[in-house]
Amino acid sequence: MIRPRPPLWLSSPSRFAGLRPVSALVLLLLALALLLSAWIRPVDDAGARGQGDLGLYGAVVDGVRRGDDYYGVVATEFRAAGYPLRPFTAVRLPTLSVVQAALPDSVSVVLLVLIAAAAGLVWTRRIGEWFDRGPPRIAALFLLAGGMVAFVQPSLVQFHELWAGLLVAWSLGVRRTDRWVEAVALALCAMLIRETAALYAIVMLVAALVERQRREALAWGAILLLFVAILSLHARAIAMVAGPLDTTAAAWGGWHGPALFASGMARSTALTLLPWWLGAPLAMVALIGWAAAPGALGARTAAVFGAFALMIAIFARTDGFHWVLVVAPAYLVGMAFLPDASRDLVRTLLDRRRVRVQRITR
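Enquirer: Would you mind going over the overall build of the chain in detail, with residue names and values included?
Expert: For the chain, the count of helices and strands is 14 helices and zero strands. Here the C-alpha radius of gyration of the chain, 22 Å, is about what a compact globule of 362 residues would show, namely 21 Å. For the C-alpha atoms alone, the extent of the chain along its principal axes is close to 95 × 45 × 40 Å. Within the chain, buried positions represent 52% of all 362 residues. Of all intrachain contacts in the chain linking residues separated by at least 6 positions in sequence, the fraction that spans at least 24 positions is 77%. Averaging the locations of the 34 positively and 21 negatively charged side chains of the chain gives two centres separated by 16 Å.

And the structure:
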C-alpha cells in the first residue's frame, strides 16, 4: 500500500498521491503524449470566422430589436453573409439574441460583467479550499484571472460562448453535495445559450450516478430532456425558413486531435500573449494538473475539461476552436496543481523501498 505524502502547495494530498508505480507510469506516458501533441499546429482559419459571427449576431439582435421574428432575421442575415442554415446546429438558439434585443447594449455589458464577477467569486472560494497558504492561493487566483480575461470584454458581448462559459463556470463552482439546484439551473441557462454546454450537463449526470446522488442525477436528466425538446422545436423552426438553395455547413468530425483543444485554449486565455509553441503546451499542462486536483470538485472538473478536450479533438473543425470558451474561465487554475502532481508522480516512479514481512514460527 502506498501512503499519500504530505502536500506541497495543496491543503490535502493530490489525486496522484498514493498511486501505484504502474498507474503512475501510465499517467506519465499519457501526459508526455498530450504535451507532444500540443506542438502540432492546426491550420488557422478561425480568426475571420469569429469576427464574422460577432457581426452576424449583432445584426440579428438589431433585427429582433426592430420587432422582426428571430428566425426570419436569421434567414435574411445568414443568406446575406453566406452562412449556412443547415443543419439546424449552424444557428444558435434564440435565447441570447432575444434577451439582448430587449435590453440596451450597456445593460447587456453590465449583466455580462456581473455574471463574470459571480463566477469569479465562487471560484475564489473554492480555490481557498484547495490552497490554504498565501503564495499558492495567490498564484491560483492569478491563473483564474488569466482564464477569465476574455470574458469581460464589452466588444464580445454577442459571443454566445462567453455567456455559456461563465454560466458553466458558475454552475461548476457553486455545486456541492448538499447544494446542486443552483448548479442545475445555471447549466440549463448555459445550454439554452450554447448547445455545446449540454456536454457539461451529461458529464455532471454521469458523475452524480457514479457518486450515487440519485436526486441530483434526476435533475440533470430532467434538464437534458427539456433541452432536447427545445432543440427539437428549434430544428423545426430552422427547417421552416431554410430553402433548398441554402448552403449546408461542413460535417463535424475534423479529427484534429488534442492540438486543436490546446491551441484554442491558448488563444482564448491569457496564454494568447505567448507564442503558440509555448502557449499550447502550457494549456495542455493545465489539463494534466486538473487530473491531480483532489476532492469531488476536482474529479468533476477534470472530467468536464477532459470531455470537452475529447469532443473538440474528434468533432471540431479549425473554425470551431471557440468551443473551448465554454470551459475556459477556470481552466488555467489547473497549473496550480502541478507542483504536487509532478512531485507525487516522480516520487512514486523512483521509490524503490520495499518492506519484507517474515513470519517466524517457534
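Enquirer: Describe the environment of V122, and please don't skip the residues or the numbers.
Expert: Note that V122 resides in helix α5 (residues 105-130). When its relative accessible area of 12% is taken as the criterion, V122 is described as buried. Sequence separation between V122 and R175 is 53 residues; the distance between their C-alpha atoms is 9.8 Å. Residues within four places of V122 in sequence aside, it is in contact with W170, G173 and V174.

Enquirer: Tell me about the layout of surface pockets, and please be specific about residues and values.
Expert: In this structure, the largest pocket encloses a volume near 560 Å³. T89, R194, T196, W252 and W323 are, among the 31 residues lining the largest pocket, the residues nearest its centre. Top contributing element to the lining of the largest pocket by residue count: helix α2 (residues 47-65), with four residues. When grouped by side-chain class, the residues that make up the lining of the largest pocket number 20 nonpolar, four polar and seven charged.

Enquirer: Give a detailed account of the nonpolar core, specifying residues and quantitative values.
Expert: Counting residues in each nonpolar core, the largest one holds 96 residues, and the members touching the most others are W123, M191, Y200, W220, W290 and Y331. The residues contacting W220, other than those within four sequence positions of it, are S171, A183, V184, A187, Y200, A201, M204, L205 and A208. Among the nonpolar cores identified, the runner-up in size contains 18 residues, and L56, Y57, V64 and A237 belong to it.

Enquirer: Residues and numbers for unusual backbone geometry, please.
Expert: Put simply, R86 and P87 share a cis peptide bond, and its omega is -5°. Position of P87 among the secondary structure elements: in the loop between α3 (70-81) and α4 (95-101). Although it is not a glycine, R212 adopts a positive phi angle of roughly 60°. Mapped onto the elements of the fold, R212 is located in the loop between α9 (198-210) and α10 (214-241). Taking the relative accessible area as the measure of exposure, R212 reaches 73% and is therefore exposed.

Enquirer: Requested: an account of the environment of L35, with residues and values cited.
Expert: Position of L35 relative to the elements: it lies in helix α1 (residues 21-37). Residues L35 and A283 lie 248 residues apart in sequence; the distance between their C-alpha atoms is 9.2 Å. In this view, L35 contacts P281, M284, V285 and I288; residues no more than four positions away in its chain are not counted.

Enquirer: Any chance you could break down the packing of aromatic side chains for me, citing the residues and the numbers?
Expert: Within this structure, the stated rule accounts for 13 aromatic pairs. Judged by centre distance (5.1 Å) and plane angle (50°), the ring pair of W290 and F337 falls under tilted. Residue W290 is located in helix α12 (residues 276-291), and its partner F337 is located in the loop between α13 (295-315) and α14 (338-350); the two are separated by 47 residues in the primary sequence. Comparing W290 with F337 shows no difference in burial state: the two are buried. Members of the aromatic cluster, joined through ring pairs, are W123, W130, F131, F261, W290, F305, Y331 and F337.

Cut-off values and rules
Residues numbered from 1 in each chain as written. Predicted model: local features only at pLDDT ≥ 70, side-chain atom pairs only at ≥ 80, totals over all residues. Heavy atoms only, no water. Helix = DSSP H or I, 4+ residues; strand = E, 2+ residues; numbered from the N terminus. Rg over C-alpha atoms; globule rule 2.2 N^0.38 Å. Buried < 20%, exposed > 50% of the residue type's maximum accessible area, 1.4 Å probe, protein only. Contact = heavy atoms within 4.5 Å. Lys, Arg positive; Asp, Glu negative; His and termini not counted. Charge placed at Lys NZ, Arg CZ, Asp CG, Glu CD. 1 Å grid on protein atoms, 1.4 Å probe; cavity = no way out; pocket = protein on both sides within 12 Å on 5 of 7 lines; lining within 4 Å. Points joined across faces, edges and corners; volume = space filled by probe spheres on them. Nonpolar A, V, L, I, M, F, W, Y, C, P; charged D, E, K, R; others polar. Core = buried A, V, L, I, M, F, W, Y, C linked by side-chain atoms within 4.5 Å. Phe/Tyr/Trp six-rings, centres within 6.5 Å; stacked < 30°, edge-to-face > 60°.

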